[in-house]
Every structure is written in structure tokens, then in C-alpha cells.
Amino acid sequence: MSMLKRLSADRSGNFGIITAIVLPVLVGAAGLAVDVSNMLLSKRDLQEASDAASLAVATYLAQNESATEDGAKKLALDFIKGQMANSVTSEVANDIAKSVTTTITTTATSDGKRYDINIAAGYTLKLTPFMSVFGRYSTPIGATSSTTSGISETKSALSMTLVLDESGSMLANTGEQINPTTSCQQYDSGGSPIKDKYPCYIKKIDALKTAANLLFDQLDKADPKSKFVRTNAIAWSSTIKDSSAFAWGTAKTRADVIDTMSAGGTTESYAPMKRAFDNLNTVGNGSESKIQSDAGNTKLTKYIVFMTDGANSKTSSDTNTLTICTAAKAAGMKIYSIAFMAPTDGQKLLNKCSSGAGYYYAAESMSDLLNAFKAIGEEASASKTLLTQ
């Protein structure tokens, strides 16, 4: 009896008993730490391989005219298998390749095709023997990636009016000499003939034609099928001399106005600016907003490009022109203005009429004029149109 009492009071074996109970938990915790780390790394590697394969397939479809869906799927499979070969055994890489599924949805657009690509891959990761304590021997690893490629429309369009001065002063020289030098009629800054015959210089009106065509070249480059850009032009001096109705693209505006301009007369900017504003501000059937909307172009920006090399003959013309510019800007139109070798009064008017910093150009040479019109075309087409790849 006394021996049994001593045994029941003895605590010297507690550590061994506690260790026996806790040891499986400690082993499982160690295994969990190792396996969680392996799972995270495996997941990251597979995700990176899937992402890379998705981008490779997108590039293949967008840039290869002879691309096929079967070729794209094979590329995805080979790409993932090759990427994962660096981090898993060849046996596991083969298992991953068997799991790869590539879904490609092709959508036809007016300018090409858009490809939506979805790639999924997975495999079973074997866990360390420690995890057998919790009855776990493996875990699934999976990854999915999606991307889009090809050509799609942003459905953003523009309607642009060019308001161009062709008064008599546009017959003056630009300073750009014509080579070889030939005899030619020359004019002073007011458009009156002068006796000088040599050397010959490019006239302002010819420089303007070149500059306007440069602007249109930028719009055509952004919208080669003329589905988003509409243009017209108003050429003026003391009155409106030439004008065209709005048309898709730039060809009609070039033919009807730009390429046929001829200088003469005084300067009066109110009438052409009012017509430009009225043409863009009209609502209902036949308006620019309705025509663009009917074509599926729900986002539209309206532009006026206002250019002169002189100053109005009447101060009231400045006041009336500014009133139109203010109304146009309030209606959401953007006004670019170019003062081409213009006097101070003309520069002030154009600066006030513009839509602010970045919309006013002071062109003191033919080169400046060409750069200004080209920049306007680039800015308008880059911000508003048209295709993304």
C-alpha cells in the first residue's frame, strides 16, 4: 500500500508524457511552415508562367496574320511547360501541360479583330511527410490569366472646322526662298504688287495650304477608313469666300477649299467664326452630334482651328469675334488659334480666342506654321481617336 502511495505522488515522468502528447503537434507545425512556403512559391511560379503564356498568345494573335487558334493553344501549352521546367521535375511539368486550358474569344471590329484570351493551369503538389500527421499528403495548385489583344475601337470621334484667312496679305512672302530662283510677281504685306522680281519666295497662302494638308495627314493616319473624323473648312477675307459642308475624312475639305484657296481682300473674322460656331452648335437631324451618334460614335469633341496673318479692319470685329469664341468654348468646343506673322492686334485676338495654354500658336515663319498645324493634328487625333492595339 505504501508503495502505491509513493507511485501516485511521483511527478518525475510528466515531461515525457507531455512531450509524447505535444511532439506530433510540433512536427505538424514544422511541416506546415515548410509546406506553406512551398505552396506559395509553387503558386507564384505557375502564375508567372500562366501570365507569360497569356501575353505570348496575345502577341501571336495580334501580330501574326496567319495565326490560328490551334497554334495559339499549342503556344500556350509549350510556353507554360517550358517555364515550369525550371522549378519542377519533368514528370510534374508534363502533368501541368496536360492541365492547360486556353480559351480564345474572337470579336470582329470594323478595323480588325479583338482577341480575349483566358489560360488556366494546375497540378497537385506533394506535401512533406510531416503533414501526414494531419492526414494531408498533397494539395492542388492552380493559376489563371486573362488578356486582350488585337484592334478595337475606342468610339471617340472629332468634328473639326478650319477657319483660314485668305486675305490679300497672304500673298506676301514667307522668307522661304524658292530654288532655283526664277522671276515672279511679288507683293507687300498688304497684298499690293511690288516691283521686285528676284529672288522668289514661297507665299503665305501656299505655306498655309501645305500646313493645312499636314494637319489633315495626321487625322487620316489616325482614322484611315474615315469612320471617326469629320471636317470642313471656311476660307475668308472681308467676307466668306470659300466653304465646304462637313464630310467624313479630309478628302472633300482638301479638294473643295484647301487646295483652291487664293488670297485677296481685307480682314474680317466675325462672319467666318460665326458660321463655324453655328455649324458645330446645330442640334437635331443633320447636326454633327446626331450624325456622329448615328454612326455609333457616342463620344465627340468639336474643334475650331482659327488662323489669320492680320488684324481686323474694324475694332467691332474683334469684339464680335471674341463673343463667338466665348460662346464656342462655353459649348464645349476646343479652339486652336494660329497667328501667322501677324501684327500685335491680331495676336491678341487669337490668343484670347484660344482655349488657353497649349491652344495658341505664334508662327513667325513658314516652319513655325507647318509645325503648328502638324502639332494640332497630332494632339487632336492622339487624344480623341481612334484605335488601340
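Predicted, not measured: the structure shown is a model, and the values here were computed from it.

Draft legend 1. Examining the overall build of the protein chain more closely. Across its full length, the protein chain carries 11 helices and 16 strands. Considering the protein chain as a whole, with its 389 residues, one finds that 41% of them fall into the buried category. As displayed, the protein chain has an accessible area near 19,500 Å², and 55% of this comes from carbon and sulfur atoms.

Draft legend 2. Focus on the side chain of Thr102. With respect to the element layout, Thr102 can be found in strand β1 (residues 101-109). Residue Thr102 is classed as buried on the basis of its relative accessible area, which comes to 11%. Once you skip the residues sitting within four places of it in the chain, Thr102 turns out to touch Lys73, Ala76, Ile117, Asn118 and Ile119.

Draft legend 3. Region of interest: the pairing of strand β13 (residues 299-308). With respect to burial, β13 is a largely interior element, 8 of its 10 residues being buried. In this structure, strand β5 (residues 156-165) lies alongside β13, joined through 9 bridges in parallel fashion. Residue pairing for β13: Leu164 is matched across the bridge by Met307. Here 6 bridges tie β13 to strand β14 (residues 334-340), and the two strands are oriented parallel to one another.

Draft legend 4. Broad picture of the nonpolar core. Grouped together as the largest cluster of nonpolar side chains are 37 residues, with contacts concentrated most on Met160, Leu162, Leu164, Val305, Ile338 and Phe373. Only β5, α5 (204-222), β10 (229-236), β13, β14, β15 (360-363) and α11 (366-384) provide two or more residues apiece to this core. Core analysis: the next-biggest nonpolar cluster, separate from the first, contains 23 residues, Ile96, Ile119, Ile141 and Ala143 among them.

Draft legend 5. Looking closely at the packing of helix α9 (residues 315-330) against helix α10 (residues 344-353). Between α9 and α10, the least distance of the axes is 9 Å, while the angle of their chain directions is 20 degrees. With respect to α10, the axis of α9 lies roughly parallel. As α9 runs across α10, the sense of the crossing is right-handed. Together, Asp318, Thr321, Leu322, Cys325 and Lys329 of α9 and Leu349, Lys352 and Cys353 of α10 make up the contact between the two elements. Its residues assigned to classes, the contact of α9 with α10 comprises 4 nonpolar, 1 polar and 3 charged.

Draft legend 6. Region of the structure containing helix α3 (residues 69-84). With 16 residues, α3 should cover 22 Å at 1.5 Å per step; its first-to-last C-alpha distance of 23 Å lies within 8% of that length. For α3, the complete set of buried residues consists of Ala72, Ala76, Ile80 and Met84. Considered in projection along α3, the buried side chains sweep an arc of 85 degrees and stay on one side of the axis. Projecting away from the buried face of α3 at angles above 90 degrees are the exposed residues Asp70 and Lys74.

Draft legend 7. Seen up close, unusual backbone geometry. Of note in the backbone geometry, Ser226 takes a positive phi value of approximately 55 degrees without being a glycine. Residue position: Ser226 is located in the loop between α5 and β10. Positive phi is not limited to glycine here, since Met341 has a value of about 50 degrees. Residue position: Met341 is located in the loop between β14 and α10.

Draft legend 8. Quick look at the pairing of strand β11 (residues 240-243). Direction of pairing for β10 relative to β11: antiparallel, over a ladder of 3 bridges. By the bridge assignment for β11, Ile234 is matched with Ser243. Counting the residues between successive antiparallel strands, the hairpin from β10 to β11 contains 3 residues.

Draft legend 9. The state of the cysteines, seen in detail. One pass over the full model with this rule turns up 1 disulfide. The disulfide that involves Cys325 links it to Cys353, with 2.0 Å between the sulfurs. Measuring handedness by torsion sign, the sulfur bridge of Cys325 and Cys353 sits at about 85 degrees and is right-handed. Separated by 28 residues along the polypeptide, Cys325 in helix α9 and Cys353 in helix α10 bring together distant segments of the chain. Exposure class is identical for Cys325 and Cys353. Each is buried.

Draft legend 10. Seen up close, the pattern of salt bridges. If you walk through the whole model with that rule in mind, you get 10 salt bridges. Note that Arg44 is salt-bridged to Asp45, the shortest N-O span being 3.2 Å. Where Asp217 meets Arg254, a salt bridge forms, and the shortest distance between an N and an O atom there is 2.9 Å. Taken together, the residues span a long stretch of sequence, with Asp217 in helix α5 and Arg254 in helix α6 (residues 251-256) at a distance of 37 residues. With relative accessibility at 14%, the residue Arg254 sits in the buried group. Taken together, the salt bridges that share partners define one network made up of Asp217, Asp220 and Arg254.

Draft legend 11. Up close: the packing of aromatic side chains. Taken as a whole, this structure holds 3 aromatic pairs when the rule is applied. Ring geometry for Tyr303 and Tyr336: centres 5.9 Å apart, planes at 20 degrees, overall stacked. Separated by 33 residues along the polypeptide, Tyr303 in strand β13 and Tyr336 in strand β14 bring together distant segments of the chain. Classification of Tyr303 by relative accessible area gives buried; the value is 3%. Consider the rings of Tyr336 and Tyr359, whose centres lie 4.8 Å apart with planes at 35 degrees: the pair is tilted. With a gap of 23 residues between them, Tyr336 in strand β14 and Tyr359 in the loop between α10 and β15 connect regions that are remote in the sequence. By the ring-pair criterion, three or more aromatic residues cluster together here, those being Tyr303, Tyr336 and Tyr359. Sitting over the ring of Phe340, Lys204 keeps its end group 5.7 Å from the ring centre. A cation over an aromatic ring shows up here: Arg230 above the ring of Trp248, its NZ or CZ 4.9 Å from the ring centre.

Rules used throughout
- Residues numbered from 1 in each chain as written.
- Predicted model: local features only at pLDDT ≥ 70, side-chain atom pairs only at ≥ 80, totals over all residues.
- Heavy atoms only, no water.
- Helix = DSSP H or I, 4+ residues; strand = E, 2+ residues; numbered from the N terminus.
- Buried < 20%, exposed > 50% of the residue type's maximum accessible area, 1.4 Å probe, protein only.
- Areas by Shrake-Rupley, 256 points an atom, 1.4 Å probe, with all protein chains shown as cover.
- Contact = heavy atoms within 4.5 Å.
- Pairing = 2+ DSSP bridges.
- Core = buried A, V, L, I, M, F, W, Y, C linked by side-chain atoms within 4.5 Å.
- Axes fitted to C-alpha atoms, helices over the stretch in contact; angles between N-to-C directions.
- Parallel < 35°, antiparallel > 145°, perpendicular 65-115°, else oblique.
- Left-handed = near helix turned anticlockwise from the far one by under 90°.
- Nonpolar A, V, L, I, M, F, W, Y, C, P; charged D, E, K, R; others polar.
- Expected span 1.5 Å × (residues − 1).
- Arc of directions from axis to C-beta.
- Disulfide = S-S within 2.5 Å.
- Salt bridge = Lys/Arg side-chain N within 4 Å of Asp/Glu carboxyl O.
- Phe/Tyr/Trp six-rings, centres within 6.5 Å; stacked < 30°, edge-to-face > 60°.
- Lys NZ or Arg CZ within 6 Å of the ring centre and 35° of its normal.

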